[in-house]
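# Examining the three-dimensional arrangement
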Amino acid sequence: MAWILKPKSKAHLSEILAAETGKRQVSKFDLSALTGIERHSPEDLTAIVAAGMTVKAMQQALAQHQQWLPIDPPRPEEMTVGELIAGNWSGPHRFGFGTIRDYLIGIKVILADGTESNSGGQVVKNVAGFDLPRLFVGSEGSLGVIVEAIFKLGPIAEARSLMSVEVDSGNEVGELGQKILEHRLCPMILDAHCVDRQGGRRAKPLVVVGFSGSSEDVKGQEERLSEILTTKPYRADYSNWFWQTHPQARRSSVRPSELGALLDGLSTEPWMARLGNGVVYHGEKNGASPRMPSDLELKLKAQFDPQGILPAIPQT
C-alpha cells in the first residue's frame, strides 16, 4: 500500500520510516514542514537549506546578501530544494553556470530504515570520503529522502541582458548557435524554443542569448553580438510556458552540431533546446518506451532500500 509521507520534522521522518519499513511503499514526499535556510555564510558563499523550502523563497533570502544559487528551474515558486536535487532540474542558465551537481557540496538524507546519513560539508574544497551528495541527484527519492542540502553560491551579477533572434527552421537554429560560439562570445544563456505563451507551437523558432556580469562586460558582449546578428530585447518566460503545459516532456540529447536535424524532425511539436549543451525537451513521455534501470542502479537500490519502501527507480 503506497502512501504520501508528510513528516513534522526530520526526527519524525526517521521514526515513521523506522516503524513502517517493509509495510508500505512511499508514493510521494511532502516536506513542507522542513523549510528555511538553516545557516548562511555570505563570506564563504555557502548555505545550508532545508529540503522543503521552495527555490523561489531560498533565492529571495539569498538575494538580501547579493547572492544566489546559480540554478533557475521551472516553477520556482512551487519546486522545493529537495525536488530540485532529486529531479536534477536546471534551466536556461545551465549553459553558463552548469547543473545542481556543480553546487551541491553536502547533503543530509534519511534512509529507508530511518537512519540519518550525512556526507560532504560546508566548505567548498571538501575532498573527504565518497561523493555521496551527487549520488542522490536525479534519484527521485528512490535511495533516500533528502532533508537538507549544503550549496556553494554565486554573487548576483551587476548587469544582465537577454536578446532574441527569430529564424526560419531548426537547422538555422543549430547554425546560429555554432556561429555565436565561434565568435568567442560568452553567453550565460544559449537557448532556442518553439513554444508560445499558451504552450503551443510558435510559427518560427526563436534563439535566445543572455549575458551577465559587470555592466561594461555585458555592454561589450551585446555590441559584439549585434555585429553578427540583428537581435531584439527579450523578456518572455519561455521556460515556464513550456513546463506548465508539458510537465511530462521527453528529453533528447545530441551533439550541438546535430541539433538542427533533430529540431527539424519535430515538425509539429513545441520544443525547447539548450543549444550549447545539445539537450532538447519536446513532446510527452506518455506512450514512449521507458528507459530500464541499469545494473548499477539496481545494485544501489538494493543496497539503500532492500525492502522497496521508497519510490521505484525513475524510468525517464
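These notes cover the structure that comes with them.

Scoring rules and cut-offs
Residues numbered from 1 in each chain as written. Predicted model: local features only at pLDDT ≥ 70, side-chain atom pairs only at ≥ 80, totals over all residues. Heavy atoms only, no water. Helix = DSSP H or I, 4+ residues; strand = E, 2+ residues; numbered from the N terminus. Rg over C-alpha atoms; globule rule 2.2 N^0.38 Å. Buried < 20%, exposed > 50% of the residue type's maximum accessible area, 1.4 Å probe, protein only. Contact = heavy atoms within 4.5 Å. Areas by Shrake-Rupley, 256 points an atom, 1.4 Å probe, with all protein chains shown as cover. Lys, Arg positive; Asp, Glu negative; His and termini not counted. Charge placed at Lys NZ, Arg CZ, Asp CG, Glu CD. Arc of directions from axis to C-beta. Salt bridge = Lys/Arg side-chain N within 4 Å of Asp/Glu carboxyl O. Phe/Tyr/Trp six-rings, centres within 6.5 Å; stacked < 30°, edge-to-face > 60°. Lys NZ or Arg CZ within 6 Å of the ring centre and 35° of its normal. Pairing = 2+ DSSP bridges.

## Focus: the overall build of the chain
Scanning the chain from terminus to terminus reveals ten helices and 16 strands. In terms of overall size, the chain behaves like a compact globule, its C-alpha atoms giving a radius of gyration of 21 Å where 316 residues would be expected to give roughly 20 Å. The dimensions of the chain, computed from C-alpha atoms along their principal axes, are 65 × 50 × 35 Å. With 316 residues in all, the chain has 48% of them scored as buried. Across the chain, the fraction of contacts at a sequence separation of at least 24, relative to all contacts at a separation of at least 6, is 69%. When the accessible area of the chain is evaluated, it comes to approximately 15,500 Å², of which 49% is carbon and sulfur surface. Separation of charge centres in the chain, based on 34 positive and 37 negative side chains, amounts to 2 Å.

## Brief notes about helix H2 (residues 55-63)
Those residues of H2 not exposed but buried are Val 55, Met 58, Gln 59 and Leu 62. Projection of H2 onto a plane perpendicular to its axis shows the buried side chains occupying an angular sector of 95 degrees, all on one side. The inward-facing, buried residues of H2 contact strand S3 (37-41), strand S4 (46-50), strand S5 (67-68), helix H3 (81-86) and strand S8 (145-152).

## Here's the deal with the pattern of salt bridges
Here the idea is simple: oppositely charged side chains can pair when their charged atoms come close. Taken as a whole and assessed by the stated rule, the structure comprises nine salt bridges. Salt-bridge contacts for Asp 30 lead to Lys 6; the nearest nitrogen and oxygen are separated by 3.8 Å. Placement of Asp 30 in the loop between strand S2 (25-29) and S3 and of Lys 6 in the loop between strand S1 (2-5) and helix H1 (10-20) is noted, with a sequence separation of 24 residues between them. Residue class for Lys 6 comes out exposed when judged on its relative accessible area of 54%. The residue Arg 202 makes a salt bridge to Glu 166 at a minimum N-O spacing of 2.8 Å. Of this pair, Arg 202 sits in the loop between strand S11 (189-193) and strand S12 (206-213) while Glu 166 sits in strand S10 (residues 159-166), and the two are 36 residues apart along the sequence. Given a relative accessible area of 48%, Glu 166 falls into the partly exposed group. If you follow the salt bridges from partner to partner, you end up with Lys 10, Glu 38, Lys 108, Glu 116 and Glu 148 in one network.

## Quick notes on the packing of aromatic side chains
Applying the stated criterion across every chain yields a total of six aromatic pairs. Plain terms: the ring middles of Trp 89 and Trp 243 are 5.1 Å apart, the flat faces sit at 85 degrees to each other, and that makes the pair edge-to-face. Placement of Trp 89 in the loop between H3 and helix H4 (94-97) and of Trp 243 in helix H8 (residues 238-245) is noted, with a sequence separation of 154 residues between them. On the basis of an interplanar angle of 85 degrees and a centroid distance of 5.8 Å, the ring pair of Phe 136 and Phe 304 is categorised as edge-to-face. Of this pair, Phe 136 sits in the loop between helix H5 (132-135) and S8 while Phe 304 sits in helix H10 (residues 295-304), placing them 168 residues apart in sequence. According to the relative accessible area criterion, Phe 136 is buried, its value standing at 2%. Cluster of aromatic residues (ring-pair linked, three or more members): Trp 89, Phe 242, Trp 243 and Tyr 281. When the ring centre of Tyr 103 is taken as origin, the NZ or CZ atom of Lys 152, which lies over that ring, is 5.9 Å away.

## What about the sheet that holds strand S13 (residues 232-233)?
An order of S13-S10-S12-S11-S15-S16-S14 is seen for the seven strands of this open sheet, with the pairing classed as antiparallel. Taken across any chain shown, the strands that pair with only one partner, and hence form the sheet edges, are S13 and strand S14 (250-253). Taken together, the five bridges between S11 and S12 define a ladder with antiparallel strand orientation. Note on S12: the bridge partner recorded for Asp 191 is Val 208.

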